[in-house]
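# Topology and contacts: notes
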Amino acid sequence: MDWSNFWSVIWLFFWSFAFVAYLFALFAIISDLFRDHKLNGWWKALWIIFLIFVPFLTALVYLIARGPGMAERNQKEARQYQAATDDYIRQVAGSSPADEIAKAKALLDSGAITPEEFAHLKAHALSSHGATGGSAPAASAAAPAAPAAPAGPATPPPAAPTV
């Protein structure tokens, strides 16, 4: 490689880019082959064999012949991932005021929190979820603040490493 010639360097970058782009297309084709449930296993094996022995031509033919189906399968997979993500978010974040109050009551019954903390959590649950009625704002105003944390750290800081 002659690094003294500017165009040789440009040519190297061009072919490096083309090779990386080909690898992206190759991995997209292989993943699409295995994602397609309608294609028979023998056809998948044939596509893979052609990708090994005639890679550029096979990739071009695959993208032309099966490109629209490839896009549909990508969209279907993206919708499935989005639906799974939305379900997970609803499951984790979607608690009602009654659920939060029940959790706080369980903590109160187990002795993990005091009655004042329970009242504060209850008022917070009712006010943060936009509960209607005159009792929720009054309860949040009358609820005492959560107890402050102790002034000092609960555990001593770790010792400094020795060198």
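Quick look at the structure, then. Every value quoted in this text rests on a predicted model; they were computed, and no experiment measured them.

Analysis parameters
- Residues numbered from 1 in each chain as written.
- Predicted model: local features only at pLDDT ≥ 70, side-chain atom pairs only at ≥ 80, totals over all residues.
- Heavy atoms only, no water.
- Helix = DSSP H or I, 4+ residues; strand = E, 2+ residues; numbered from the N terminus.
- Contact = heavy atoms within 4.5 Å.
- Expected span 1.5 Å × (residues − 1).
- Buried < 20%, exposed > 50% of the residue type's maximum accessible area, 1.4 Å probe, protein only.
- Arc of directions from axis to C-beta.

A few words on the environment of Asp-32. Mapped onto the elements, Asp-32 comes out in helix α1 (residues 6-35). For the pair Asp-32 and Arg-73, spaced 41 residues apart in sequence, the C-alpha to C-alpha distance is 7.7 Å. Every residue in contact with Asp-32, bar those within four places of it in the chain, is listed here: Tyr-62, Arg-66, Met-70 and Arg-73.

On the secondary structure map, Glu-117 appears in helix α5 (residues 115-128). Residues Glu-117 and Leu-107, ten residues apart in the sequence, show an inter-C-alpha distance of 9.9 Å.

Turning our attention to helix α2 (residues 41-53). Helix length check: α2 (13 residues) gives 19 Å between terminal C-alpha atoms against 18 Å at 1.5 Å per residue, within 8%. Of all the residues in α2, the buried ones are Lys-44, Trp-47 and Leu-51. Viewed end-on, α2 has its buried residues packed into an arc of 60°, placing them on one side of the element. Pointing more than 90 degrees away from the buried face of α2 are the exposed residues Trp-42, Ile-52 and Phe-53.

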